[in-house]
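The lines below spell out each chain.
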Amino acid sequence: MAAPPSAGDGQEWILIGEVVAAFGVHGEVKVRPLTDFPERFAHTPAVYLGDDRKRMAVEAARQHGRLVVLRLDDVVDVSAAERLRGTRLWIPAEELLPLPEGRYYLHDLVGLRVRHIDGTELGTVADVLTGAGNDLLVIRNAKTGEERLLPAVKEFVKAVDVAGGELTVAPIPGLLDDTAVEAEDAD
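Everything numeric here is computed off the predicted structure, so don't read it as measured data. (Residues numbered from 1 in each chain as written. Predicted model: local features only at pLDDT ≥ 70, side-chain atom pairs only at ≥ 80, totals over all residues. Heavy atoms only, no water.)

Participant: So what's going on with the overall build of the chain? Which residues, and what values?
Facilitator: Within the chain, the secondary structure is distributed over three helices and twelve strands. Residues counted as buried form 37% of the 187 residues belonging to the chain. Intrachain contacts of the chain at a sequence separation of at least 6 include 50% that bridge at least 24 residues. A total of about 10800 Å² of accessible surface is found on the chain, and carbon and sulfur atoms cover 51% of it. (Helix = DSSP H or I, 4+ residues; strand = E, 2+ residues; numbered from the N terminus. Buried < 20%, exposed > 50% of the residue type's maximum accessible area, 1.4 Å probe, protein only. Contact = heavy atoms within 4.5 Å. Areas by Shrake-Rupley, 256 points an atom, 1.4 Å probe, with all protein chains shown as cover.)

Participant: With reference to specific residues and values, describe unusual backbone geometry.
Facilitator: Despite not being glycine, Arg53 has its phi angle at roughly 55°, a positive value. For Asp74, which is not glycine, the phi torsion reads 70° and is therefore positive. Considering the arrangement of structural elements, one finds Asp74 in the loop between strand S5 (67–72) and helix H1 (78–83). The exposure class of Asp74 is exposed, given its relative accessible area of 60%.

Participant: Mind laying out the environment of Arg40, listing which residues take part and the relevant values?
Facilitator: Here Arg40 lies in the loop between strand S2 (28–33) and strand S3 (46–49). A C-alpha to C-alpha distance of 9.2 Å links Arg40 and Ala61, two positions 21 residues apart in sequence. Contacts of Arg40, omitting those with residues within four sequence positions, involve Ile16, Thr35, Ile91, Glu95, Leu96 and Leu97.

Participant: Lay out the pattern of salt bridges in plain terms, naming residues and giving numbers.
Facilitator: By the definition in use, this model includes ten salt bridges. In this structure, Arg32 and Glu18 form a salt bridge, with 2.7 Å as the shortest nitrogen-oxygen distance. Of this pair, Arg32 sits in strand S2 while Glu18 sits in strand S1 (residues 13–23), and the two are 14 residues apart along the sequence. Here the salt bridges do not stand alone but share partners, grouping Glu28, Glu59, Arg62 and Arg71 into one network. (Salt bridge = Lys/Arg side-chain N within 4 Å of Asp/Glu carboxyl O.)

Next comes the structure, spelled out in structure tokens:
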């Protein structure tokens, strides 16, 4: 996940879902939510489709298992809904829901300097990988360009200062330091 792309208009955009299929015969679409808040679709007045960010009003939204079913303005039949398959849905960054203290949007972490609790600079957060388990921070060493993965869990991530541009970590020995590289090279 890289920093949120713009549509060439200077606006920051956040990816919130992807159309996976048509639903029924009246133009509804099934969306795979790419947000921790799938309920947001029921309160979102519009979504912006694809690379050109075409605005479409959300007329109705409901959960359907792990998916969300949307009825969008101007999508009136199964053919129109089917043409949207694979289309990504975006919102402007200013429409993000506020988070409780101690919670962060993943895109806010990308670019933060990473320091060990002993003060040693380890690199920067180059990306955040999401998957079945914990999110993984991709830490890029500024000197070597080498990337290491760090689970984004409170056992390792000790402090996040988005405003100050810094993340403080206490990884297990060898996870982010150069001794791990030397041990790998010895094989």
